[in-house]
Amino acid sequence: EPEVTQTPSHQVTQMGQEVILRCVPISNHLYFYWYRQILGQKVEFLVSFYNNEISEKSEIFDDQFSVERPDGSNFTLKIRSTKLEDSAMYFCASNWDREGQPQHFGDGTRLSIL
Amino acid sequence: GENVEQHPSTLSVQEGDSAVIKCTYSDSASNYFPWYKQELGKGPQLIIDIRSNVGEKKDQRIAVTLNKTAKHFSLHITETQPEDSAVYFCAAFGGYQKVTFGIGTKLQVIP
């Protein structure tokens, strides 16, 4: 069964540095998402992406964050000037259609900011 | 915006018993309600979902019910097995792609 894959599984970064989290969505999917899960808390929506542009974003997704689909397979989340509170699990998800279609999640990248 | 409440936060059941997890939502425009199972070190995996035009859906040992009037939906797992132990999240989609998750329920099935 096709899977969403994320790399790296664990990223350790010094506070203030930039980090890029990478995702390869399922190949025929058109809608891509990033979520964040702080330890012990709920999964929070960050951003959705379709047709090479952001279609929706939450209040968490401020100017510190950006997303990009640099080629036909990768979908990246960039976090600039990382802060301690950015430490969390970041999940990528994709689906082939919007609105009420199941999203397929990757296994996440654990981001630790020191 | 949408607010999803989920309870209980932890649930322990004996193997073979049933488990019920309940969620409420606030936005009457929400129309799609998936349930995810998250095992340690893994991402959320969809286990069942229900749309607003349906009151109940069943898939083997798992069922979901939806009461749109009361704005609540529930997950029912029957004949629980140790491999059902995980964290379960409910979610509500309120139009387009905006989604709100519940806080999660840690289910422990005791052999």
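Here the structure is shown first, and the text comes after it.
Conventions and cut-offs
Residues numbered from 1 in each chain as written. Chains lettered and ligands numbered in written order. Predicted model: local features only at pLDDT ≥ 70, side-chain atom pairs only at ≥ 80, totals over all residues. Heavy atoms only, no water. Phe/Tyr/Trp six-rings, centres within 6.5 Å; stacked < 30°, edge-to-face > 60°. Helix = DSSP H or I, 4+ residues; strand = E, 2+ residues; numbered from the N terminus. Buried < 20%, exposed > 50% of the residue type's maximum accessible area, 1.4 Å probe, protein only. Salt bridge = Lys/Arg side-chain N within 4 Å of Asp/Glu carboxyl O. Pairing = 2+ DSSP bridges.

Chemist: Can you break down the packing of aromatic side chains residue by residue, with the values?
Modeler: Per the stated rule, a full pass over the model turns up 19 aromatic pairs over all chains. On the numbers, 5.6 Å between centres and 85 degrees between planes, the contact of Tyr35(A) with Phe101(B) is edge-to-face. Of this pair, Tyr35(A) sits in strand E4 (residues 31-37) while Phe101(B) sits in strand E10 (residues 99-101), on two different chains. The exposure classification of Tyr35(A) matches that of Phe101(B), with both residues buried. An angle of 85 degrees between the planes, with centres 6.4 Å apart, marks the rings of Phe89(B) and Phe101(B) as edge-to-face. One end of the pair, Phe89(B), is in strand E9 (residues 86-93); the other, Phe101(B), is in strand E10, with twelve residues separating them in the sequence. Note on accessibility: Phe89(B) and Phe101(B) belong to one class, buried. A connected cluster of aromatic rings, assembled from ring pairs, spans Tyr33(A), Tyr35(A), Phe45(A), Phe91(A), Phe105(A), Tyr36(B), Phe89(B) and Phe101(B).

Chemist: Explain the pattern of salt bridges residue by residue, including any values.
Modeler: Enumeration over the complete set of coordinates arrives at five salt bridges over all chains. A salt bridge links Lys42(B) to Asp107(A), with the shortest nitrogen-to-oxygen separation between them at 3.7 Å. Linking Lys42(B) in the loop between strand E4 (32-38) and strand E5 (45-51) with Asp107(A) in the loop between strand E10 (104-105) and strand E11 (109-113), this pair reaches from one chain into another. Residue class for Lys42(B) comes out partly exposed when judged on its relative accessible area of 41%. Where Lys37(B) meets Glu39(B), a salt bridge forms, and the shortest distance between an N and an O atom there is 3.6 Å.

Chemist: Any chance you could break down the pairing of strand E3 (residues 19-25) of chain B for me, citing the residues and the numbers?
Modeler: Residue and element names in this part refer to chain B. Burial of the side chains of E3 is restricted to one face: Ala19, Ile21, Cys23 and Tyr25 are buried, whereas none of Val20, Lys22 and Thr24 on the reverse face is. As paired strands, strand E1 (residues 4-7) and E3 are joined by four bridges and run antiparallel to one another. Across the sheet, Glu5 pairs through a bridge with Thr24, a residue of E3. As paired elements, E3 and strand E8 (residues 72-77) share six bridges and run antiparallel to each other. Bridging across to E8, Ile21 finds its partner in Leu75.

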